[in-house]
Amino acid sequence: MSNQPDYSLLELASVREGDSVGTTLANSVAYARHAEQLGFKRFWLAEHHNMEGISSSATSVLVGHIAGKTHSIRVGSGGIMLPNHPPLVIAEQFGTLESLYPGRIDLGLGRAPGTDPITARALRRDGLGAEQFPEDVARLQTLLGPLQPGQPVKAIPGAGTNVPIWLLGSSLYSAQLAAMRGLPYAFAGHFAPRLYREALRVYRDNFQPSERFPEPRAMLAVPAIPADTEEEARFLATTSYQRILALFRGQPLWMKPPVETMEGLWNAGEEASVRDFLGLQLLGDANSIGQQIDNLLATVEVEELMFTVDIYEPAKRRHALDILAATRRQSTDSTASIN
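Here, residues in each chain are numbered from 1, in the same order as that chain's written sequence. Local features in a predicted model are, by the rule used here, given only for residues with pLDDT of at least 70; side-chain atom pairs are given and counted only at 80 or more, and totals for whole chains, interfaces and linings are based on all residues. Hydrogen atoms and water are omitted, and side-chain values are computed over all heavy atoms in the structure.

A.B. asks: How would you explain the layout of surface pockets if you had to name every residue and give the values?
C.D. replies: Think of a 1 Å grid over the protein atoms and nothing else: a 1.4 Å probe that fits but is trapped marks a cavity, an open set flanked by protein within 12 Å on at least five of seven lines marks a pocket, and residues with an atom within 4 Å of a point count as lining. Grid points are joined across faces, edges and corners, and a volume is the space filled by probe spheres set on the points. By volume, the largest pocket amounts to about 1,000 Å³. Taken together, 47 residues make up the lining of the largest pocket; nearest its centre are Leu10, Leu12, His48, His190 and Phe191. Going through the elements one at a time, strand 1 (6-11), strand 3 (74-81), strand 5 (165-169), strand 6 (185-187), strand 7 (218-226), helix 9 (238-249) and strand 9 (304-308) are the ones with two or more residues in the lining of the largest pocket. The numbering of helices and of strands both runs from the N terminus, where a helix is a DSSP run of H or I of at least 4 residues and a strand a run of E of at least 2. It is strand 7 that contributes the most residues to the lining of the largest pocket, 5 residues altogether. Here the residues of the lining of the largest pocket sort into 26 nonpolar, 15 polar and 6 charged. There is about 320 Å³ of room inside the second largest pocket. Taken together, 16 residues line the second largest pocket, and the ones lying closest to its centre are Gln141, Gly145, Asn162, Leu183 and Arg212. When residue character is reported, Ala, Val, Leu, Ile, Met, Phe, Trp, Tyr, Cys and Pro are called nonpolar, Asp, Glu, Lys and Arg charged, and the others, Gly included, polar.

So this is what it looks like as structure tokens:
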């Protein structure tokens, strides 16, 4: 690639075992502020429901909270799970956010419920599922676009704000839809790495230019455990291993302290499943992660990388951003010297 991709962050507001949600969200604010200081482009929050250990369920509320505690970084949803919400409500929420924080709000949309079927029914959108996603996206585009003469339903606020809509996905479906609609696209490589090359190629090959996005804009989300040494990174990574293991076992997803070894905590099959889930994980010190990013970018063309950083200690998690930011500066410097 001739240009280095932008760096961004995905946040689940993960609750450490024993911490309160209030403490968790204060840590998320500090994390976002540090990312802003380092020049990260976006800070997105993911919608999940009925998951002990993840506190980002009221996603639009947290988008507003983080935007209000920062100054320049773009803040958005990664994503709003559209089957759970009437498009008009989302248009009003994000139109209000854009009115409060002009030019800083993104609306990433997913077509999964982000939860289990029972909870999906509790969200009161039963029967209006993923099959309606293309129509709901089109409604949102209309509601956030300029008012049309005789338009019967208006998002007030929302109309005319043109909040950028991103489509998110872990398969080829949303890649095709984003390409057809001329929208930016983000692939969820942080939990579903298998199809990342195919999906991003489908998106780029089939992209239809739109007025807002004349060129494709692709993002790849990847998990990252940056640390000062390889040994420390391997140690810190056991926090995410324990959480993903809990996910597979249907247990609460509290963040647990790292452990010296996972031996005895998982069996061989579970270890294989966790490592497959984290197939795109970047792990190591600055030099190692920089090389891993270069290797990844040799396999796929993206304008942006979005990192999930699952580290137990808030201070070490913020320091991980220093290391990531250094890899981008090193890559930019080396590219400039080559040119």
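A.B. asks: Give a description of helix 7 (residues 196-206) that names residues and reports values.
C.D. replies: Relative accessibility decides the category of a residue: with a 1.4 Å probe and only protein chains considered, values under 20% of the type maximum give buried, values over 50% give exposed, and everything between is partly exposed. Buried within helix 7 we find Tyr196, Ala199, Leu200, Val202, Tyr203 and Arg204. Throughout, a residue-residue contact means that at least one pair of heavy atoms, one from each residue, lies within 4.5 Å. In this structure, the buried side of helix 7 is in contact with helix 6 (172-181), strand 6, strand 7 and helix 11 (286-297).

A.B. asks: Could you give an account of the packing of helix 2 (residues 59-69) against helix 3 (residues 87-100), naming the residues involved and the relevant values?
C.D. replies: At their nearest, the axes of helix 2 and helix 3 sit 11 Å apart, and the two run at 0 degrees to each other. Between helix 2 and helix 3, the crossing angle belongs to the class labelled roughly parallel. Only Gln93, Phe94 and Leu97 of helix 3 make contact with helix 2, whose side of the interface consists of Ser60, Val63 and Gly64. Only the stretch in contact is used when fitting a helix axis, every axis being a line fitted to C-alpha atoms; angles between N-to-C directions are given from 0 to 180 degrees. Just so you know how the angles are binned, under 35 degrees is roughly parallel, over 145 roughly antiparallel, 65 to 115 roughly perpendicular, and the rest oblique.

A.B. asks: Which residues make up the nonpolar core, and what are the values?
C.D. replies: Residues belong to a common nonpolar core when they are buried Ala, Val, Leu, Ile, Met, Phe, Trp, Tyr or Cys residues joined through side-chain atoms within 4.5 Å. With 83 residues, the main nonpolar core has Phe40, Leu107, Leu109, Leu220 and Phe307 as its most contacted residues. Discounting residues that sit within four places of it in the chain, leucine 220 has contacts with Phe187, Gly189, Tyr196, Leu200, Leu280, Leu296, Val300, Val302, Glu304, Leu305 and Met306. With 13 residues, the next largest nonpolar core counts Trp44, Ala221, Leu253 and Met306 among its residues.

A.B. asks: Explain the environment of arginine 139 residue by residue, including any values.
C.D. replies: Assignment of secondary structure puts arginine 139 in helix 5 (residues 133-144). What makes arginine 139 partly exposed here is its relative accessible area of 40%.

A.B. asks: Break down helix 2 for me, with residues and values.
C.D. replies: Residues Thr59, Ser60, Leu62, Val63, Gly64, Ile66 and Ala67 constitute the buried set of helix 2. Close packing links the buried residues of helix 2 with helix 1 (21-38), strand 2 (42-45), strand 3, helix 3 and strand 4 (105-110).

A.B. asks: Talk me through empty space enclosed by the protein; I want residue IDs and the actual numbers.
C.D. replies: Tallied over the entire structure, the rule returns 1 cavity of 30 Å³ or more. By volume, the largest cavity amounts to about 160 Å³. Along the walls of the largest cavity sit 16 residues, with Ser14, Asn27, Met255, Pro314 and Arg317 positioned nearest its centre. Where the lining of the largest cavity is concerned, the elements lending two or more residues are helix 1 and helix 12 (314-338). Broken down by element, the lining of the largest cavity gets its largest block of residues, 4 residues, from helix 1. Classifying every residue of the lining of the largest cavity gives 6 nonpolar, 4 polar and 6 charged.

A.B. asks: Give a description of the packing of helix 3 against helix 5 that names residues and reports values.
C.D. replies: Interaxial distance between helix 3 and helix 5 falls to 9 Å at its minimum, and their mutual angle equals 40 degrees. Judged by the angle between their axes, helix 3 and helix 5 are oblique. The hand of the helix 3/helix 5 crossing is right-handed. On helix 5, the residues touching Pro87, Leu88, Ile90, Ala91 and Gly95 of helix 3 are Asp136, Arg139, Leu140, Leu143 and Leu144. Taken together, the residues of the contact of helix 3 with helix 5 break down into 7 nonpolar, 1 polar and 2 charged. Each crossing gets its handedness from the near helix: less than a right angle anticlockwise from the far helix is left-handed, clockwise is right-handed.

A.B. asks: Which residues make up the pairing of strand 2, and what values do they have?
C.D. replies: What you see with strand 2 is no split at all: Arg42 and Trp44 on one side and Phe43 and Leu45 on the other are buried throughout. Strands pair, by our definition, only if DSSP identifies at least two bridges between them. Taken together, the 3 bridges between strand 1 and strand 2 define a ladder with parallel strand orientation. Bridge pairing in strand 2 links leucine 9 to phenylalanine 43. Seen with its strands pointing away from the viewer, a crossover is right-handed if its path from the first strand over the helix to the second goes clockwise. Assessed by its sense of winding, the connection that carries the chain from strand 1 through helix 1 to strand 2 is right-handed. As paired elements, strand 2 and strand 3 share 4 bridges and run parallel to each other. Bridge pairing in strand 3 links leucine 45 to serine 77. Handedness of the crossover joining strand 2 and strand 3 through helix 2 is recorded here as right-handed.

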